[in-house]
Amino acid sequence: MLVGGLEAQNFIGAANLQPGQHILINGAGGSIGTMAIQLAKLQGAVVTAVDRADKLEFLKAVGADYTIDYQSEDYTKGETKYDAILDVVGKGHYGRGVKCLNPGGYYLIANPSLP
């Protein structure tokens, strides 16, 4: 959790969240994601957490305002716009994800896939 917390602090700081802004955290059920939820909430952000169904109640318990089961819903196909997206998985659909950002929003990749 310590390393995850340090990484989450780095990414949430880079997102420059202001109270009331919306952040989506893809892969929120791991150490980086769960700490990022809590740090974003401390900054007054509205948090949407994306992970599989069996983790969603836990994500709500640590502070997520909204949850999405990635196995049944693709957040990139929705109408919701975010001020920041933190992709902890690193296998997200960057091109589609960027379209979910408000103007001036941040798309942060915590674990980029390497070839």
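As annotated in an unreviewed UniProt entry, the protein chain is NAD(P)-dependent alcohol dehydrogenase from Aduncisulcus paluster.

### Regarding the nonpolar core
Among the nonpolar cores identified, the biggest contains 24 residues, and Leu 17, Ile 23, Ile 25, Ile 37, Ala 40, Leu 59 and Leu 86 are the most heavily contacted of them. Contributions of two or more residues to this core are made by helix H1 (2-15), strand E1 (22-26), helix H2 (31-42), strand E2 (46-51), helix H3 (56-61) and strand E4 (82-87). Excluding residues that lie within four positions of it along the chain, Ile 37 makes contacts with Ile 25, Ala 28, Val 47, Ala 49, Leu 59, Val 62, Gly 63 and Ala 64. Leu 24, Val 50, Ile 85 and Tyr 107 belong to the second-largest nonpolar core, a separate cluster that totals nine residues.

### A word on a nonpolar patch on the surface
There is a patch of nonpolar side chains on the surface, built from Tyr 94, Val 98 and Ile 109 and spanning about 250 Å² of accessible area. Along the chain, Ile 109 falls in strand E5 (residues 101-109). Taking relative accessible area as the criterion, Ile 109 reaches 34% and is therefore assigned partly exposed.

Rules used in this analysis
- Residues numbered from 1 in each chain as written.
- Predicted model: local features only at pLDDT ≥ 70, side-chain atom pairs only at ≥ 80, totals over all residues.
- Heavy atoms only, no water.
- Core = buried A, V, L, I, M, F, W, Y, C linked by side-chain atoms within 4.5 Å.
- Buried < 20%, exposed > 50% of the residue type's maximum accessible area, 1.4 Å probe, protein only.
- Helix = DSSP H or I, 4+ residues; strand = E, 2+ residues; numbered from the N terminus.
- Contact = heavy atoms within 4.5 Å.
- Patch = residues over 30% accessible without salt bridge, like charges linked within 9 Å, V, L, I, M, F, W, Y side chains within 5 Å.
- Areas by Shrake-Rupley, 256 points an atom, 1.4 Å probe, with all protein chains shown as cover.
- Salt bridge = Lys/Arg side-chain N within 4 Å of Asp/Glu carboxyl O.

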